[in-house]
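Fold and geometry: a report
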Amino acid sequence: MIRTSGLYIMAAGLAFSIALANIGLGLFTAGLIIEYCRKQRTWQWRGSILDAPIAAGLIAYIVSGIAGVHPLASLRAFPSELLFMVFYILRLGIDRDEANKALRVFALFTVAAAAYGLVQYGVGINRDPVMGTIIHIPSWAQNLPDGLIQELALKNGRILSTRGHYITYAEAAVF
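Let me sum up the structure you'll find in this document.

The rules behind these values
- Residues numbered from 1 in each chain as written.
- Predicted model: local features only at pLDDT ≥ 70, side-chain atom pairs only at ≥ 80, totals over all residues.
- Heavy atoms only, no water.
- Core = buried A, V, L, I, M, F, W, Y, C linked by side-chain atoms within 4.5 Å.
- Buried < 20%, exposed > 50% of the residue type's maximum accessible area, 1.4 Å probe, protein only.
- Helix = DSSP H or I, 4+ residues; strand = E, 2+ residues; numbered from the N terminus.
- Contact = heavy atoms within 4.5 Å.
- Salt bridge = Lys/Arg side-chain N within 4 Å of Asp/Glu carboxyl O.
- Expected span 1.5 Å × (residues − 1).
- Arc of directions from axis to C-beta.
- Pairing = 2+ DSSP bridges.
- Axes fitted to C-alpha atoms, helices over the stretch in contact; angles between N-to-C directions.
- Parallel < 35°, antiparallel > 145°, perpendicular 65-115°, else oblique.
- Left-handed = near helix turned anticlockwise from the far one by under 90°.
- Nonpolar A, V, L, I, M, F, W, Y, C, P; charged D, E, K, R; others polar.

**What to know about the nonpolar core**
Formed by Leu-7, Met-10, Ala-11, Ala-21, Leu-25, Phe-28, Leu-32, Tyr-36, Val-86, Leu-90, Ile-94 and Ala-102, the largest nonpolar core amounts to 12 residues. At the level of secondary structure, the elements contributing two or more residues to this core comprise helix H1 (2–16), helix H2 (18–37) and helix H5 (83–93). Ranked by the residues each element gives to this core, the list is headed by H2, at 5 residues. When neighbours within four sequence positions are excluded, Met-10 is seen to be in contact with Leu-20, Ala-21, Gly-24, Leu-25, Val-86 and Leu-90. Membership of the second largest hydrophobic core comes to 6 residues, among which are Ile-125, Ala-141, Ile-149 and Ala-153.

Here is the structure:
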């Protein structure tokens, strides 16, 4: 239950929120560990073409981190470099049916996030990218509550949707 819930939360979070995606991955991983510990699932080595690049990436990261000017600072950035491990963990923990359901959840939430982004674009409220101040509000939208204006504001004409940064939204928005 924890594993499945975590999978769906992560699938929804990939479209809406990086924090939500991380929570989902944490729940999924915890559920997977619990299932292995309770022997509900058994470990099976399923080699893939991902094994060699992942091992090479880990070794290169550890060696370059230790050889760096500030090894502790370099190695502390380790989690931010390992998004590709998510796919490897998922590969070990889900079957084809679960993957198809998670992809449906991801597609549904991606469409919702994209629709919200298009609403933002259609409203036309714009924010300065450096200062964060609103620089343009259409006359019909000036009486909207301030919180709603902030939520609907573009950043220098670029869609944010529910993400705080337009580049991360652009990476996740699969129309």
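**Overview of the pattern of salt bridges**
Pairing is possible between side chains of opposite charge, provided their charged atoms come close. Summed over all chains, the structure comprises 2 salt bridges. Here Arg-3 and Glu-35 are joined by a salt bridge, their closest N and O atoms 3.0 Å apart. Separated by 32 residues along the polypeptide, Arg-3 in helix H1 and Glu-35 in helix H2 bring together distant segments of the chain. Residue classification places Arg-3 among the buried positions, given a relative accessible area of 7%. The salt bridge involving Arg-3 is made with Glu-98; its shortest N-O contact spans 2.7 Å.

**Digging into helix H3 (residues 51–67)**
With 17 residues, H3 should cover 24 Å at 1.5 Å per step; its first-to-last C-alpha distance of 24 Å lies within 8% of that length. Within H3 the residues assigned to the buried category are Asp-51, Ile-54, Tyr-61 and Gly-65. On an axial view of H3, the arc spanned by its buried residues comes to 110°, and they lie on one face. Exposed side chains of H3 directed beyond 90 degrees from the buried face belong to Ala-52, Pro-53, Ile-59, Val-63 and Ala-67.

**What about the sheet that holds strand E2 (residues 134–136)?**
Sheet strands pair via backbone hydrogen bonds, and the direction of the pair is either parallel or antiparallel. Strands sit in the order E2-E1-E3 across an open sheet of 3 strands; the sheet is mixed. Every other strand in the sheet has two partners, leaving E2 and strand E3 (154–155) as the edge strands with one partner each. Alignment of strand E1 (residues 126–127) against E2, held across 2 bridges, turns out to be antiparallel. Bridging across to E2, Arg-127 finds its partner in Ile-134.

**Some remarks on unusual backbone geometry**
At Asn-156, a residue that is not glycine, the phi angle is positive and equals roughly 55°. With respect to the element layout, Asn-156 can be found in the loop between E3 and helix H8 (166–172). Residue classification places Asn-156 among the partly exposed positions, given a relative accessible area of 49%.

**Concerning the packing of H1 against H2**
One can describe the packing of H1 onto H2 by two numbers: an axis separation of 7 Å at closest approach and a directional angle of 160°. Relative to H2, the element H1 is oriented roughly antiparallel. In the packing of H1 onto H2, the handedness of the crossing is left-handed. Contacts between H1 and H2 involve Ile-2, Arg-3, Gly-6, Leu-7, Ile-9, Met-10, Gly-13 and Leu-14 from the former and Ile-18, Leu-20, Ala-21, Gly-24, Leu-25, Leu-27, Phe-28, Gly-31, Leu-32, Ile-34 and Glu-35 from the latter. For the contact of H1 with H2, a count of residues per class yields 13 nonpolar, 4 polar and 2 charged.

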